[in-house]
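Now for the letters of each chain:
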There are 2 protein chains.
Amino acid sequence: MEKANFSEWYNDVIERAELSDKRYPIKGMNVWRPYGLKVIQRIDDLIREEMERTGHDEARFPLLIPKTEFAKEGEHIKGFDSEVYWVTHGGLNKLDVPMLLRPTSETAMYPMFSLWIRSHTDLPLKIFQIVNVFRYETKMTKSFIRVREIHFFEAHTAHRDLEDAEAQIKEDLEILRRFATKLCIPYLVLKRPDWDKFAGAYYTLGIETLMPDGKTMQLGSIHQYQTNFSVPYEIKYEDEHGEHRYAHQTTYGMSERLLGAVIGVHGDEKGIVFPPAIAPYQIVIVPILVKDKQEMVMAEAKQLRDKLLGRGYRVHLDDRDMRPGAKYYDWELKGVPLRIELGPRDIADRKVVVVRRDTGKKAFVKRGVLWLHIQENLKGIERSLLKKAEERIFTGITEIGTIEEGKGKTGILKMHWCGAEECAREVEVGLEFTILGTPYAEQRDHGRCIHCRKKTDTVVFAAKTY
Amino acid sequence: MEKANFSEWYNDVIERAELSDKRYPIKGMNVWRPYGLKVIQRIDDLIREEMERTGHDEARFPLLIPKTEFAKEGEHIKGFDSEVYWVTHGGLNKLDVPMLLRPTSETAMYPMFSLWIRSHTDLPLKIFQIVNVFRYETKMTKSFIRVREIHFFEAHTAHRDLEDAEAQIKEDLEILRRFATKLCIPYLVLKRPDWDKFAGAYYTLGIETLMPDGKTMQLGSIHQYQTNFSVPYEIKYEDEHGEHRYAHQTTYGMSERLLGAVIGVHGDEKGIVFPPAIAPYQIVIVPILVKDKQEMVMAEAKQLRDKLLGRGYRVHLDDRDMRPGAKYYDWELKGVPLRIELGPRDIADRKVVVVRRDTGKKAFVKRGVLWLHIQENLKGIERSLLKKAEERIFTGITEIGTIEEGKGKTGILKMHWCGAEECAREVEVGLEFTILGTPYAEQRDHGRCIHCRKKTDTVVFAAKTY
């Protein structure tokens, strides 16, 4: 399967690598198979590390939200009520108040925040959870990218004022930078236009990456709420002077799309390439079992595995009764970063063969320098995956001066924009692209609006999107 | 709060120790607060260790089950349809096929098992998941013990024949033994009478412990299904001779009641006592900050914390601006197994004070033998918690010869029973106790049925239950 037809390639590797099974009898609700679950759990672990480092506490809120709580923030319910699942019956009884499956947890968490926050000493409150959320998708579903039951990370914070809440968003971006480096995923942070912000937000930052088919995919988002939720949910604190003030709030969310991006961005014609930080196995050992020497080779292979485990690597010894070539094929498909081949000749020569998944390069490595070689090559894979992906995303950005210039272009388009919704809509209609937003880290850059030709310092990005 | 009034004591410590918040606006759906979530995650980790050791793979199946799949096994749906939540609408549309929130996952998993299992080489299939399940409880709810959203572990296995499936149940009991030892929870494994087995099971083993109020609580269960599910779900394999056979299946489930049991069984008038294996912090360090020496003491305390962390312990240094006594009180409530007090005098004398949560015993320990002291005392706490709990459960069993004899008794009653439902019902009505079942590891023990006086070798247990 060539990667040229990205969509087919993507579905095919997910199925053959046994990450997810979409044959479950509800469309868009897929089964996490053991290998796929291991990857997303590694991603969760990385998130937990970052959350702990930045003083967030993990909690877990109920799945169901009563309609009465959901309805408290008017914009929020308007944005979501056509895409939530409703629970209307418990057993044989109709419920007095219908409940919905959380599409996100603002309206589950904030009634509790209102109870927990009393004084300025309770702030900042920084809570996160990793749970599944539910959206009644009507578009075509796609594993990890557009599903109806979504593995989801969401951090919710409450602060004494806007300044502290803005500092939180800076911290979120630092978390993103460290985290995305481990996933080797380049991204753009774009402030969504007002008409496309999250339901109830003051402003929304979208985190976008570029997929191989030239479409951008939103991996997550960061929202500044100001007091939009704290007012209806009565999240108030008493300050040092005895005055009651509304908390300022932010959220940060990312989903299993991260895994979809990793598969799409790094994969090749052989299959998946996992970054070492999230690979379920970082190293696979394939013993070359030659007649009469099987026991000796297996004993050496086990010893090597145990030594690598002892050094903290995730290692798998593939002792299946299959040809080595079939095993290579299988683990290449499944994206294991390093493969070690070990046969009787290698053992006699005190060396092993180490093959890099990303480049296919084979190295004959003396046992004495093996640890160093592994360490350097895992780091090397991380660096090189990120570098290649960065090159692709940055060469994927084309600057255009007129809508006409953009016609027939793929990837991400960058243009000057006056800020008027009307001009943005002209771009969207003219190019069949979506306006993604303006760079969060603002650069002053003089030019003229792509449509109305007014002078402006603002640039905006547009793309075909997932 | 005295433990004499167990129910009040239980609710009070859970609230004050900040394990769970039951003020969420849906009754019986509670919020896992950070400290409580840490404990259940440690319990999950122990389960994962056991599952990995015994060759089970972790997967994750969707929350929602279409009614059509749920209805395939007749007994199963009869047993559950009055206690499931129904999703009837997606967005503004009525769904063609209503879906339910899993109350357990047989009917979510088995359509997939039917696709995954083709040949005898695919067996045994051993899959588990840790997810939340949902039951529309109508009885009074109680944190961790009777809730509507339940943190749940469920293992599902498929085997070539009954013999292999029975061997799985033996393995499950071994897992239980190791696992319960770490939680310091004694238990009885009782085969439920036929009228009380799991909906769809061939037989059910209940795992019971005794709570301080004299009632037993079911912590989990193990089911032998034989082919009761594999026939309706068409889980078939081709054997070595090309014949198609139905798989034999078992399941093993345990819930957050494990945490309820730990709190109830080990707690005392000061609060919770966590076994070291699941304590979020195994050791808390309380620095005694005397004027002019604060910096020196904090520096020593940090060094000690880092050394303990380096040895793999879960340690917390409590540097809050509070009196030491208030900190002792707080961490006693929260059940931390060992407390280390460290003041300027201790530092000068090269010693620390170590206090055991279970006994309250104080030891002055020289720094040179501190590691050994900690290791031995954490083990000692585990042993002693289990021993005390075992004594309580075994002295809590009373053997009775007639129903009359049982009147006014509390705890667990043991009696001979002929096996007839009628006789069991007489006991249940006469004593207002529930028949729990017969010991799984059968002992031949001659006697006469408690009601009809027929000769029998079977004993049965009864108790008031949660």
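Residues numbered from 1 in each chain as written. Chains lettered and ligands numbered in written order. Predicted model: local features only at pLDDT ≥ 70, side-chain atom pairs only at ≥ 80, totals over all residues. Heavy atoms only, no water.

Trainee: Can you walk me through the interface of chain B and chain A in this structure?
Mentor: How big an interface is tends to be reported as the loss of accessible area on association of its parts. Tallying the contact residues gives 50 residues for chain B and 50 residues for chain A. With both chains or domains summed, chain B and chain A bury close to 4300 Å², and 66% of this area falls on carbon and sulfur atoms. For the interface between chain B and chain A, the tally reads zero salt bridges. Linking chain B with chain A are 19 residue pairs in polar contact (both at pLDDT 80 or more), by the criterion used here. If one sorts the elements of the side of chain B that touches chain A by residue count, strand β5 (residues 85-90) of chain B sits on top with six residues. The residue inventory of the side of chain B that touches chain A, partitioned by class, reads 30 nonpolar, nine polar and eleven charged. (Contact = heavy atoms within 4.5 Å. Buried area = accessible area lost by both parts, 1.4 Å probe. Salt bridge = Lys/Arg side-chain N within 4 Å of Asp/Glu carboxyl O. Polar contact = N/O pair within 3.5 Å; in protein donor to acceptor, adjacent residues only side chain to side chain. Helix = DSSP H or I, 4+ residues; strand = E, 2+ residues; numbered from the N terminus. Nonpolar A, V, L, I, M, F, W, Y, C, P; charged D, E, K, R; others polar.)

Trainee: When you look at the packing of helix α8 (residues 294-310) of chain A against helix α11 (residues 370-395) of chain A in this model, what are you seeing that I'm missing?
Mentor: Helix-helix packing: each pair is described by the crossing angle between the helix axes and the interaxial distance. Residues and elements named next belong to chain A. Where α8 contacts α11, the two axes come as close as 12 Å, and the packing angle between them is 55°. Considering their axes alone, α8 and α11 lie oblique with respect to each other. The way α8 lies across α11 gives a crossing that is right-handed. Along its contact with α8, which presents Leu304, Lys307 and Leu308, the element α11 presents Leu370, Trp371 and Ile374. In the contact of α8 with α11, the residues fall into five nonpolar, no polar and one charged. (Axes fitted to C-alpha atoms, helices over the stretch in contact; angles between N-to-C directions. Parallel < 35°, antiparallel > 145°, perpendicular 65-115°, else oblique. Left-handed = near helix turned anticlockwise from the far one by under 90°.)

Trainee: Looking at this structure, I do not really get the domain arrangement of chain A. What am I missing?
Mentor: All names here are of chain A. According to the domain assignment, chain A contains domain 1 (6-266), domain 2 (283-392) and domain 3 (397-463). Taken over C-alpha atoms, the centre of domain 1 sits 28 Å from the centre of domain 3. In this complex, domain 1 contributes 18 residues to the contact, which on the side of domain 3 involves 15 residues. Around 1300 Å² of area is buried between domain 1 and domain 3 when both sides are counted, 69% of it from carbon and sulfur atoms. On the surface where domain 1 and domain 3 come into contact, there are zero salt bridges. At the boundary of domain 1 with domain 3, the tally comes to three residue pairs in polar contact (both at pLDDT 80 or more). At the level of secondary structure, the elements contributing two or more residues to the side of domain 1 that touches domain 3 comprise α6 (162-183), β9 (188-191) and β10 (203-210). Per-class residue counts for the side of domain 1 that touches domain 3 are ten nonpolar, two polar and six charged. (Domains from an automatic or database assignment.)

Trainee: What is the right way to look at empty space enclosed by the protein in this model?
Mentor: All names here are of chain A. A full pass over the atoms with the stated rule returns eleven cavities of 30 Å³ or more. For the largest cavity, the calculated volume is near 110 Å³. For the largest cavity, the lining is made up of 13 residues, of which Asn30, Val31, Trp32, Glu149 and Glu256 are closest to its centre. A class-by-class count of the residues in the lining of the largest cavity yields six nonpolar, four polar and three charged. (1 Å grid on protein atoms, 1.4 Å probe; cavity = no way out; pocket = protein on both sides within 12 Å on 5 of 7 lines; lining within 4 Å. Points joined across faces, edges and corners; volume = space filled by probe spheres on them.)

Trainee: Explain the relation of the copies chain B and chain A here, please?
Mentor: One copy of the chain maps onto the second through a rotation about an axis and a displacement along it. Note on the identical chains: chain B maps onto chain A by a rotation of 180° and an axial translation of 0.0 Å, with an RMSD of 0.0 Å. The superposition operator between the copies reduces to a two-fold rotation axis. In terms of proximity to the rotation axis, the leading residue of chain B is valine 87 of chain B, whose C-alpha is 2.2 Å off the axis. Residue by residue, 100% of the interface of chain B is reproduced at the interface of chain A, so both copies engage with the same surface. (Least-squares fit on C-alpha atoms with pLDDT ≥ 70 in both.)

Trainee: Could you clarify how one ought to interpret the nonpolar core in this entry?
Mentor: A general tendency of soluble globular proteins is for nonpolar side chains to be buried together. In terms of nonpolar packing, the biggest core is built from 84 residues, with Leu101 and Phe113 of chain A together with Phe61, Leu101 and Phe113 of chain B touching the most fellow members. If we skip the residues at most four places from it in the chain, phenylalanine 113 of chain A touches Phe61, Leu125, Ile127, His156, Ala158, Ile235 and Gln249 of chain A. (Core = buried A, V, L, I, M, F, W, Y, C linked by side-chain atoms within 4.5 Å. Buried < 20%, exposed > 50% of the residue type's maximum accessible area, 1.4 Å probe, protein only.)

Trainee: Where do I start with the pairing of strand β10 (residues 203-210) of chain B in this structure?
Mentor: Residues and elements named next belong to chain B. Most of β10 sits inside the fold, with eight of its eight residues counted as buried. Burial of the side chains of β10 extends over both faces: Tyr203, Leu205, Ile207 and Thr209 are buried on one face and Thr204, Gly206, Glu208 and Leu210 on the other. Pairing between β10 and strand β11 (residues 216-226): eight bridges, direction antiparallel. What sits directly across from isoleucine 207, in β11, is glycine 220. (Pairing = 2+ DSSP bridges.)

Trainee: Looking at this structure, I do not really get the pattern of salt bridges. What am I missing?
Mentor: Opposite charge on two side chains permits them to pair, given that their charged atoms come into close proximity. With the rule as written, the count across this model stands at 67 salt bridges over all chains. Residues joined by salt bridges that share partners form a network here, namely Lys270, Glu332, Arg339 and Glu341 of chain A.

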